[in-house]
Amino acid sequence: MTTISLPDRQAEHKRRLEHPLKLRVENLIQEDLLSTLFQPIVQLDCGLIYGHEALVRGPAGSSLEYPDALFAAGRREGLTVELEVRCARQALKDWSRLKLPGKLLINMSATALASAVAQDSEGRGGLFVGEDYGVEPGALIIELTEHERVTDIDSLRRAITSLRRQGVGIALDDFGDGRSSLRLWSEMQPDLVKIDKYFTQNLPAHAEKLQTFRALLQLAETFGAQLVAEGIESAEEMRVLRDLGVAFGQGWLIGRPSAEGAHEALVAAREVLASSDIAVLPELRRASSNGVTAERLMVEAVTVREDTTHEQLFRLFNQHEHLHAIAVLNGQQEPVALVDRSQFINRWAKPFFNDLYGRHACTLFANPTPLIVDADTGIEALTTVLTSADQRYLREGFIITREGRYLGLGTGEQLVRSVTEARIEAARHANPLTFLPGNIPISQHIGRLLASGREFVAAYADLNHFKPFNDEYGYWRGDEMIRLVARVASSHCDSQRDFLGHVGGDDFVMLFQSDDWERRCEQIIERFNSLARNLFDAAALEAGGIMAEDRHGDLRFHPCTTLSIGAVRVAPGSLHRAEDVATAAATAKRHAKHEQLSVYVMAA
């Protein structure tokens, strides 16, 4: 037997890299030229390493170094499954050498996973037998990729059942990337669901993404899973995710992929997780979309008659690959059944099904009691579907009718999206003039601050001599004065640490975590008092104010409108309820106005 020395192997490797057209996946597998990088995943509640995701790499500097090119080449060579299994084995081998903390997460498609587990059960060394890697099954999690391509759900279910018996965990990868399967989440009951990085990126600036995470957290609780937020790149993103209650995080802020992995998160991530600062959650600021009905969820889809055969139905599903189901109608165009695509394809794939049932009517195995909703049904009335004990409706969707006649189909995923949007609108609670958070969000944020156990400052801002101004110049200019307060206060608050809310009228609340809160208050007052003069006419400015009736109906002189702020320092444990904080801040504000002070500060 000829032994190739390491220098000779490296030389051969280099020669191949110099001729990339000759580089083939088959060679990479046979010559053991694949390697693994590990990216850490951290627990957002404590900062400890939960585990690492294994990321395959081809030869450095080659055309097949990165996964997209590598797996595309594997598909061209017909080696997709072999490549995935080889990558998994390499990850296990590298992991056992490094002795890293926590779990090992390995990406595999449903096809490759089912094939590997089947080989294991037959003793042919698919993945988990044949070599002793020294990795306990309980430390392993398989990330299921390519959700949209799962056609043989029975094989996948058997593979997952077999792995779970050994103690191996299951995760869904990149959920929310546009190809995700809510049905698969419901059926597979994964331990982890990794949320696509789109929802993490710039999260603090997008209320819609925040509400999506909240909806996914509710689904995770329903299905008994935990979420992993992918793509965390900023401290603000991590702080919001931590405060929302997302269990795990992954991204460059935590640690980049490396051959050595990590025993702790990067310093920037550790600082965020160790800080008692809480995130200022973005509030939705768009117009209400009340009145959304089931018709808005509808997708047009082909239908079949009751006498349509299974053979004809199979051809239809092949022609319309996007369809999750097909409705069966009677002669009056009324729905009588629903055929779920995945269940039908699974039956069709079984031996002798076509011979036995191919020419039978499709109603033989169709669901004769599908969920049927009228087109005018409101979204809120459909929310019960999400928590229904019968999860078929999330998987196969529902039929939409008008006056009993078929209109189209709705899907569980569409319903989740629409319910999320409806809940966003219901939870908005924003002041309609300034679009700043109103009383409920203010109280919620105070509650979060109190629960955090950190010191903060609650400031109450109010206009002096505003009623005479509003009476003199009218509501339009009065509204402009209120919007001016909002703009000035917003520009001097730290959007990531300080919360600004609009109680109503000319009353505003600021909840400061910034250490320089007092200087910020002084800057707000100075800037507002200067700009507010522009809303008075020349005669009032020359006189220093206006003659107008006071609250008792007596005509008297009122100086130009200014701003006062009362602030209360809330020490940990000094106050326990949001209403107590609001009362203390209002008391400080009254002192500021009564004593004609710009800023009045008191302790709780």
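Each chain has its residues counted from 1, running along the sequence as written. It should be noted that, the model being predicted, local features are given only for residues of pLDDT at least 70 and side-chain atom pairs only at 80 or more, the latter also being counted only at that level, while totals for whole chains, interfaces and linings use all residues. The side-chain values count all of the structure's non-hydrogen atoms but skip hydrogen atoms and water molecules.

### As for the overall build of the chain
Here is step 1: Put simply, DSSP marks the helices as runs of H or I at least four residues long and the strands as runs of E at least two long, and each gets a number from the N terminus on. Regarding its fold elements, the chain presents 23 helices and 21 strands.
Here is step 2: Using a 1.4 Å probe on the protein chains alone, a residue whose accessible area is under 20% of its type maximum counts as buried, one over 50% counts as exposed, and one in between counts as partly exposed. Looking at the 604 residues of the chain, the share that counts as buried comes to 51%.
Here is step 3: Counting contacts in the chain only where the partners sit at least 6 residues apart, residues at least 24 apart contribute 69% of the total.
Here is step 4: All accessible areas in this document rest on Shrake-Rupley with a 1.4 Å probe, and a residue is counted as covered only by the protein chains that are shown. If you sum the accessible surface of the chain, you get close to 28,600 Å²; carbon and sulfur atoms cover 49% of it. In what follows, a contact means two residues having at least one pair of non-hydrogen atoms within 4.5 Å.

### As for the environment of Glu-455
Here is step 1: Position of Glu-455 among the secondary structure elements: in the loop between helix H18 (439–452) and strand S15 (456–464).
Here is step 2: Residue contacts for Glu-455: discarding those within four places in its chain leaves Arg-569, Val-570, Ala-571 and Pro-572.

### Comments concerning unusual backbone geometry
Here is step 1: Of note in this structure, Asn-202 is not a glycine but carries a positive phi near 55°.
Here is step 2: Positionally, Asn-202 belongs in the loop between strand S6 (192–195) and helix H8 (207–223).
Here is step 3: Note on Asn-202: relative accessible area 44%, which makes it partly exposed.
Here is step 4: Despite not being glycine, Glu-403 has its phi angle at roughly 55°, a positive value.
Here is step 5: As for its position among the elements, Glu-403 is in the loop between strand S13 (398–402) and strand S14 (405–410).

### A few points about the sheet that holds S14
Here is step 1: One open sheet accounts for three strands, arranged S12-S13-S14; its pairing is mixed. Strand pairing shows two members of the sheet lacking a second neighbour, strand S12 (372–374) and S14, which therefore form its edges. Going across the sheet, the axis of each strand differs from the next one's by a mean of 35°, ignoring polarity.
Here is step 2: The pairing criterion for strands is at least two bridges between them, as found by DSSP. As paired elements, S12 and S13 share three bridges and run parallel to each other. Directly across from Ile-372, in S13, lies its bridge partner Ile-399. In this analysis an axis means a line fitted to C-alpha atoms, helices contributing only their contacting stretch, and an angle means the value between N-to-C directions, from 0 to 180 degrees.

### Let's talk about the sheet that holds S6
Here is step 1: One closed barrel holds the eight strands; their spatial order is S1-S2-S3-S4-S5-S6-S7-S8, and the pairing between them is mixed. If you compare each strand with its neighbour and ignore which way they point, the axes differ by 30° on average.
Here is step 2: Inspection of the sheet shows strand S4 (residues 140–145) paired to strand S5 (residues 169–175) by four bridges, in the parallel sense. When the bridges of S5 are listed, Ile-142 appears paired with Ile-170.

### Remarks on the packing of helix H20 (residues 475–492) against helix H21 (residues 517–532)
Here is step 1: Here H20 crosses H21 at 145°, and the two axes come no closer than 9 Å. Crossing hand, H20 versus H21: right-handed. Contact residues: H20 offers Met-481, Leu-484, Val-485, Val-488, Ala-489 and His-492, while H21 offers Arg-520, Gln-523, Ile-524, Arg-527, Phe-528, Leu-531 and Ala-532.
Here is step 2: Following the grouping adopted for this structure description, the nonpolar residues are Ala, Val, Leu, Ile, Met, Phe, Trp, Tyr, Cys and Pro, the charged ones are Asp, Glu, Lys and Arg, and the polar ones are all others, Gly among them. Among the residues making up the contact of H20 with H21, the classes are represented as nine nonpolar, two polar and two charged. What makes a crossing left-handed is the near helix being turned counterclockwise from the far one by less than a right angle; a clockwise turn instead makes it right-handed.

### Considerations on the confidence of the model for the chain
Here is step 1: Averaged over every residue, the pLDDT of the chain is 87; the share at 70 or more is 88%.
Here is step 2: On a range of 0 to 100, pLDDT expresses the predictor's confidence in each residue. In the predicted structure, residues 1–7 sits below a pLDDT of 50 and forms one contact with residues beyond four places in sequence or in another chain.
Here is step 3: Across residues 284–289 the pLDDT falls below 50, and counting only partners more than four positions away or on other chains, this stretch makes 16 contacts in the model.

### Some thoughts on the pairing of S6
Side-chain positions along a regular strand alternate between the two faces of the sheet.
Here is step 1: Burial along S6 is two-sided: the face carrying Leu-192 and Lys-194 and the face carrying Val-193 and Ile-195 are both buried.
Here is step 2: Where S6 and strand S7 (residues 226–229) come together, four bridges link them in parallel fashion. From the neighbouring strand, Val-193 faces S7, where its bridge partner is Leu-227.
Here is step 3: In this view, the connection linking S6 to its parallel neighbour S7 by way of H8 has right-handed handedness. Assignment of crossover handedness uses the view with strands pointing away from the viewer, where a clockwise path from the first strand over the helix to the second indicates a right-handed crossover.

### Thoughts on H8
Here is step 1: Each helix should span, by expectation, one fewer than its residue count multiplied by 1.5 Å. A rise of 1.5 Å per residue sets the reference length of H8, with its 17 residues, at 24 Å; its end C-alpha atoms lie 24 Å apart and thus fit the reference within 8%.
Here is step 2: Looking only at H8, the buried set comprises Ala-207, Lys-209, Leu-210, Gln-211, Phe-213, Ala-215, Leu-216, Leu-219, Ala-220 and Phe-223.
Here is step 3: Count one or two residues on from H8 and you reach Gly-224, which has phi positive near 75°.

### Details of the nonpolar core
Here is step 1: Counting 66 residues, the largest nonpolar core has Ile-106, Leu-113 and Trp-185 as its most contacted members.
Here is step 2: Residues within four places of Trp-185 in sequence aside, it is in contact with Leu-172, Phe-175, Pro-190, Val-193, Leu-216, Leu-219, Ala-220, Phe-223, Ala-225 and Leu-227.
Here is step 3: Throughout this description, the term nonpolar core refers to a set of buried Ala, Val, Leu, Ile, Met, Phe, Trp, Tyr and Cys residues connected via side-chain atoms within 4.5 Å. One finds Leu-463, Tyr-473, Phe-528 and Phe-536 within the second-largest nonpolar core, a separate group that totals 36 residues.

### Re the pattern of salt bridges
Should the charged atoms of two oppositely charged side chains come close, the side chains can pair.
Here is step 1: Counted as salt bridges are all cases of a side-chain nitrogen of Lys or Arg within 4 Å of a carboxyl oxygen of Asp or Glu. Evaluated as defined, the whole model comprises 29 salt bridges.
Here is step 2: Residues Asp-32 and Arg-86 are paired through a salt bridge, measuring 2.6 Å at the closest nitrogen-oxygen approach. One end of the pair, Asp-32, is in the loop between helix H2 (25–30) and strand S1 (35–43); the other, Arg-86, is in helix H4 (residues 80–98), with 54 residues separating them in the sequence.
Here is step 3: Residue classification places Asp-32 among the partly exposed residues on the basis of a relative accessible area of 27%.
Here is step 4: We classify Arg-86 as buried; its relative accessible area is 17%.
Here is step 5: Linking Glu-187 and Arg-157 is a salt bridge whose minimum nitrogen-to-oxygen distance equals 3.0 Å. Taken as a pair, Glu-187 in helix H7 (residues 182–188) and Arg-157 in helix H6 (residues 153–166) lie far apart in primary sequence, 30 residues in all.
Here is step 6: Linked by salt bridges that have partners in common, Glu-53, Glu-143, Lys-194 and Glu-230 make up one network.

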